[in-house]
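Each chain, written out:
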Amino acid sequence: MRILIDADACPVVRITEQEAKQRKILLMLFCDTNHVIQSEYAMVKTIGAGADAVDFALTAECKAGDVVITQDYGLAAMILAKGAYGLHQSGMRYTNENIDRLLMERHLAKKARMAKSKNHLKGPSRRTKEDDKAFLMALEKLLDEIE
């Protein structure tokens, strides 16, 4: 088992890095050339900039039993198909039972954004320490289940 992170703008890289180091789990961070990520523990894979280039590289590297952390539902669907475990930065687990609903919600939100109306969708709220604690608890629970 390894942990792979879609690390572009991911707020839980350091939290995950600490947990992976403590448990001696290989950690790989995937980012594009527009982001500079450094780590003393993790292997950093910098992928050329391009639409979904990081997602495809991470999916190609991913194996059954790996843990993938991403906020991208499309990437989550691809890694679930390979038998990997998916975790959102909120701590929500991606599963075969919820991924179709999440993809549909993403599609509907995109349609709403593209509609020429005065209705604007709010972005995510500012991340809190409670968000970080919830993510860490979910990560620990998932790792305990599969180790």
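Predicted model, so just to flag it, every value in this text is computed and none were measured.

What counts and what doesn't
Residues numbered from 1 in each chain as written. Predicted model: local features only at pLDDT ≥ 70, side-chain atom pairs only at ≥ 80, totals over all residues. Heavy atoms only, no water. Helix = DSSP H or I, 4+ residues; strand = E, 2+ residues; numbered from the N terminus. Rg over C-alpha atoms; globule rule 2.2 N^0.38 Å. Buried < 20%, exposed > 50% of the residue type's maximum accessible area, 1.4 Å probe, protein only. Contact = heavy atoms within 4.5 Å. Areas by Shrake-Rupley, 256 points an atom, 1.4 Å probe, with all protein chains shown as cover. Core = buried A, V, L, I, M, F, W, Y, C linked by side-chain atoms within 4.5 Å. Pairing = 2+ DSSP bridges. Right-handed = clockwise from strand over helix to strand, strands pointing away.

### What about the overall build of the protein?
- For the protein, the helix and strand inventory stands at 5 helices and 6 strands.
- Listing every helix and strand of the protein by position from the N terminus yields β-α-β-β-α-β-α-β-β-α-α.
- The C-alpha radius of gyration of the protein comes to 16 Å, within 12% of the 15 Å expected for a compact globule of 147 residues.
- Overall, the protein is about 50 × 30 × 30 Å in size when its C-alpha atoms are taken along their principal axes.
- Taken over 147 residues, the protein has a buried fraction of 39%.
- Sequence separation of 24 or more characterises 46% of the internal contacts of the protein that already satisfy a separation of 6 or more.
- Surface summary for the protein: the accessible area is close to 9,000 Å², and the carbon and sulfur share equals 53%.

### What to know about the nonpolar core
- Grouped together as the largest cluster of nonpolar side chains are 22 residues, with contacts concentrated most on Ile3, Ile5, Leu27, Leu29, Ile69 and Phe135.
- Elements with a minimum of two residues in this core: strand S1 (2–6), helix H1 (13–23), strand S2 (26–32), strand S4 (67–69) and helix H5 (129–146).
- For this core, the leading source of residues is H5, giving 5 residues.
- Excluding its chain neighbours within four sequence positions, the residues that come into contact with Ile3 are Thr16, Ala20, Ile25, Leu26, Leu27, Met28, Val67, Ile69 and Leu143.

### Quick look at the sheet that holds S1
- A sheet is described by the order of its strands in space; here 6 strands give the open sequence S3-S2-S1-S4-S5-S6, paired in mixed fashion. Only two strands of the sheet have a single neighbouring strand rather than two, namely strand S3 (43–47) and strand S6 (93–94).
- The pairing of strand S5 (residues 85–87) with S6 spans 2 bridges and is antiparallel. Within S6, the residue paired with Gly86 across the bridge is Tyr94.

### Section: unusual backbone geometry
- Positive phi, normally seen in glycine, also occurs at Ala9, with a value near 60°.
- Phi is positive for Lys24, close to 60°, though the residue is something other than glycine.
- As for its placement among the helices and strands, Lys24 is situated in the loop between H1 and S2.

### Some details on the pairing of S2
- Counted residue by residue, S2 has 6 buried out of 7 residues, so it is predominantly covered.
- For S1 and S2, the ladder comprises 5 bridges, and the chain directions are parallel. Residue pairing in the sheet places Ile3 in a bridge with Leu27 of S2.
- In this fold, S1 hands off to H1, which returns the chain to S2; that crossover is right-handed.
- Pairing of S2 with S3, which is carried by 5 bridges, proceeds in the parallel orientation. From the neighbouring strand, Cys31 faces S3, where its bridge partner is Thr46.

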